[in-house]
Amino acid sequence: MPWNPEIYDQFKKERSAPFFDLLNLVVSKPDLKVIDLGCGTGELTSALLGYLENPNVTGIDSSAEMLEKAEKHSTENLHFFQRSVEEQIELDEKFDLIIANASLQWCTDHEELFPNIISKLNENGQLAVQVPSNHHFIVHQLLSKVAEQEPYKTRFNGWIREYPVLKIEEYANILYENNGKEINVFEKVYPHVMENSDAVFEWASGTAIIPFLEKLPEELKENYKADYKAELKKAFPGSPVFYPFKRTFIYAKF
Ligand SMILES: C[S@@+](CC[C@H](N)C(=O)[O-])C[C@H]1O[C@@H](n2cnc3c(N)ncnc32)[C@H](O)[C@@H]1O
């Protein structure tokens, strides 16, 4: 996927707050072997070094563009690899802490994915995941609405954006069925106040729009962006724009 670290980092403060909320769920112990699935630019992964005592941390991500930024955070306790989550769970390696912040929403079939990830935990291992769960919000729905109009509809050729994120009780069930203890699953709304609809567009340009653009030919990408921007303007004509961004936190010990 064509991730752009510069665009993604425009809302650094808003995007990093949930990571620290996630970290607060983790019980720190010395010498943990940790993996960050979908580590992105590695900046937040490197914060694990300050939070945990002498951890050995691996960050993996499928995007070369994001990992290029991550490399500068490498230390002898922190290494990055270009690898997808799906490839990682095929490996034999196990961890004491598996963390994934705002990444697993890009992977399909969470009913199957989560047990596979959990199987990569050592005894007493911890799983800490945060996924955005606001796909029902208009900012996301408008991406699909524009995609259903021509000339995009023909180009998408029946493809629809599917959001794999489950309900919080479904995640709790998966954790329980896989022998999770101290299960803690909840949703939290982050109250973002944005200047106007263009700022909302910039926010979505860093993430949600990516799968749509990826499927369009070069000559339609800019038109699609302009049409989406216009729809956002209709939805949010004033200033400021309140964007209640909902995220799901999933934590357990195994
Ligand atoms: C929204 S960013 C989050 C990055 C980082 N965890 C953070 O909190 O700043 C999502 C990241 O997930 C990565 N990603 C998406 N699908 C992936 C997959 N299947 N395997 C590995 N990484 C993936 C993307 O390349 C991107 O860097």
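Right, let's walk through the structure included here. (Residues numbered from 1 in each chain as written. Predicted model: local features only at pLDDT ≥ 70, side-chain atom pairs only at ≥ 80, totals over all residues.)

In the neighbourhood of the ligand, 20 residues make up the surrounding shell, with Gly38, Gly40, Ser63, Ser84 and Trp106 lying closest. Elements represented by at least two residues in the shell around the ligand include exactly α2 (12-23) and α5 (85-88). (Near = placed C-beta within 6 Å. Helix = DSSP H or I, 4+ residues; strand = E, 2+ residues; numbered from the N terminus.)

Below, the discussion takes up helix α9 (residues 168-177). Along an α-helix, residues three or four apart share an orientation, since each turn contains 3.6 residues. Those residues of α9 that fall on the buried side of the exposure criterion are Tyr171, Ile174 and Leu175. Seen end-on, α9 carries its buried residues on one side only, within an arc spanning 100 degrees. Counted as exposed and oriented over 90 degrees from the buried face of α9: Glu169 and Glu177. Packed against the buried residues of α9 are α6 (110-118), β6 (181-194) and β7 (241-253). Of the residues one or two after α9, Asn179 is the one with positive phi, at around 65 degrees. (Buried ≥ 20, exposed ≤ 12 C-beta atoms within 10 Å, placed from the backbone. Arc of directions from axis to C-beta. Contact = placed C-beta atoms within 7 Å.)

With that out of the way, let us pick up the packing of helix α10 (residues 197-205) against helix α12 (residues 218-235). Between α10 and α12, the shortest axis-to-axis distance is 9 Å and the interhelical angle comes to 135 degrees. In terms of axis orientation, α10 runs oblique to α12. As α10 runs across α12, the sense of the crossing is right-handed. Contacts between α10 and α12 involve Ser197, Asp198, Val200 and Phe201 from the first element and Lys229, Leu232 and Lys233 from the second. (Axes fitted to C-alpha atoms, helices over the stretch in contact; angles between N-to-C directions. Parallel < 35°, antiparallel > 145°, perpendicular 65-115°, else oblique. Left-handed = near helix turned anticlockwise from the far one by under 90°.)

Moving on, we come to the sheet that holds strand β3 (residues 78-82). Here we have seven strands laid out as an open sheet, ordered β3-β2-β1-β4-β5-β7-β6, and mixed in their pairing. Looking at the sheet topology across the chains shown, the edges are occupied by β3 and β6. Neighbour to neighbour, the strand axes of the sheet diverge by 15 degrees on average, direction disregarded. Here β6 runs beside β7; their pairing, made up of 12 bridges, is antiparallel. Looking at the pairing, Lys181 lines up with Lys253 of β7. (Pairing = 2+ DSSP bridges.)

This part takes up α10. By the burial criterion, the buried members of α10 are Ser197, Ala199, Val200, Phe201, Trp203 and Ala204. Looking at the packing, one finds that the buried side of α10 touches α7 (138-147), β6, α12 and β7.

Core analysis: the largest hydrophobic core is formed by 42 residues, its most contacted members being Val34, Ile98 and Leu127. The contact partners of Val34, leaving out residues within four places of it in the chain, are Leu48, Leu52, Pro55, Asn56, Val57, Phe95, Asp96, Leu97 and Ile99. Among the nonpolar cores identified, the runner-up in size contains 19 residues, and Leu143, Val146, Val200 and Ala204 belong to it. (Core = buried A, V, L, I, M, F, W, Y, C linked by C-beta atoms within 7 Å.)

By the element assignment, Leu213 lies in helix α11 (residues 210-214). C-alpha separation for the pair Leu213 and Tyr224, spaced 11 residues apart in sequence, amounts to 7.9 Å. Beyond its immediate chain neighbours, meaning those up to four positions away, Leu213 contacts Lys221 and Tyr224.

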